[in-house]
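A closer look at the structure
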Amino acid sequence: MPHTLQLTTPSENEVQIQRTFNAPRRLVYDCWTKPELVRRWLTGPEGWTFEVCDIDLRVGGTYRYVWRAPDATRMGMGGTYREIVPAERIVANELYDEDWTGGETLATLLFAEHAGQTTVTTRIRYSSPAARDAALRTGMDQGMAAGFDRLEAVLASA
Amino acid sequence: MNTPEQLDATFAALADPTRRALLARLAQGPATVLELARPFAMSQPAVSKHLKVLERAGLISRGREAQRRPCRLEPQALAQAAGWLEDFRRLWEGNFQRLDALLDELQQAPPGSDSTTA
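The model shown is predicted, which means the values in this text are computed figures rather than measured ones.

**Observations regarding the overall build of chain A**
- Of regular secondary structure, chain A possesses four helices and eight strands.
- In chain A, the succession of α and β elements from N to C terminus is β-β-α-α-β-β-β-β-β-β-α-α.
- Looking at chain A as a whole, 22% of its 158 residues qualify as buried.
- In chain A, of all internal contacts separated by at least 6 residues, the share reaching a separation of at least 24 is 36%.

Set out below in structure tokens:
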């Protein structure tokens, strides 16, 4: 059975995503930090692929991702690693080329293993509450025909 | 209704479990403060405080009848906040389902061909 994604807004300028995976944390960590593995899953919307996936995993090292959409649109982002504790914790700042996040964000990734399963917590801190809300709004074009049926999802997750 | 300030208020209002429970109750229909307070074992002033937060966030409205002032869910503000979170969630769920499949595959790989960090 797939694990449930927990999406919360722990403070007015943060978003937190938490998910558990059926794998030891070293393996999950590899999937997050080795380009050949990252390329295979962190691809976002249907049909998108990686064009650039460069990772220099050391404090002060940079990473660069560029995705290509089916209509050939490109989306790029990158940042610098601030803190690395292998298989445990990564802190990096990140900035999208289009800067739809209203300035640089700070992402903290935590890997915790329990009974052979790994819980990954991603906390993204935006430069301001308005920047966070703008980031949440991206992807809204996928369907803002939001209705009452979403009440339950929010009540369960907020 | 669409300003960032409004959405901040909405997200802040939704961050509290009691307020989410009050919204869930109001999703079944309008109710007075008295009716809302009863199942929650809370004082009326405590419930009123939560209702004020929900009202400021645009999530509920209060009737004008002086005595009863029933509370009513205002679905638009909630739907907007929900829409944002839902789309964000869907994007990540797609990523994570691919990661589930990749992790399965990596754990089935024969010894010697794994790519775990030394």
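Having seen the model, we can carry on.
**Some remarks on the confidence of the model for chain B**
- For chain B, mean pLDDT is 80; residues scoring 70 or higher make up 82% of the total.
- Here the predicted complex scores 0.66 on pTM and 0.78 on ipTM.

**What to know about the nonpolar core**
- By size, the foremost hydrophobic cluster in this structure holds 25 residues, and its most contacted members are Leu54, Leu59 and Ile60 of chain B.
- Elements with a contribution of two residues or more to this core: strand S2 (14-21) of chain A together with helix H1 (4-14), helix H2 (17-26), helix H4 (44-56), strand S2 (71-73) and helix H5 (75-108) of chain B.
- For this core, the leading source of residues is H5 of chain B, giving six residues.
- Apart from the residues lying within four places of it in its own chain, the contact partners of Ile60 of chain B are Leu26, Leu51, Leu54, Glu55, Cys71, Arg72, Leu73 and Glu74 of chain B.
- Counting residues in hydrophobic clusters, the runner-up holds 18 residues, among them Ile90, Phe111 and Val120 of chain A together with Leu103 of chain B.

**Looking at H4 of chain B**
Residues and elements named next belong to chain B.
- For H4, which comprises 13 residues, the first-to-last C-alpha distance of 18 Å matches the rise-based estimate of 18 Å (1.5 Å per residue) to within 8%.
- When we look at burial in H4, the residues that qualify are Val47, His50, Leu51 and Leu54. When H4 is viewed along its axis, its buried side chains cluster within an angular range of 100° and face the same direction.
- Backbone geometry just after H4 places Gly58 at a positive phi near 80°.

Procedures and definitions
Residues numbered from 1 in each chain as written. Chains lettered and ligands numbered in written order. Predicted model: local features only at pLDDT ≥ 70, side-chain atom pairs only at ≥ 80, totals over all residues. Helix = DSSP H or I, 4+ residues; strand = E, 2+ residues; numbered from the N terminus. Buried ≥ 20, exposed ≤ 12 C-beta atoms within 10 Å, placed from the backbone. Contact = placed C-beta atoms within 7 Å. pLDDT = per-residue confidence, 0-100. Core = buried A, V, L, I, M, F, W, Y, C linked by C-beta atoms within 7 Å. Expected span 1.5 Å × (residues − 1). Arc of directions from axis to C-beta.

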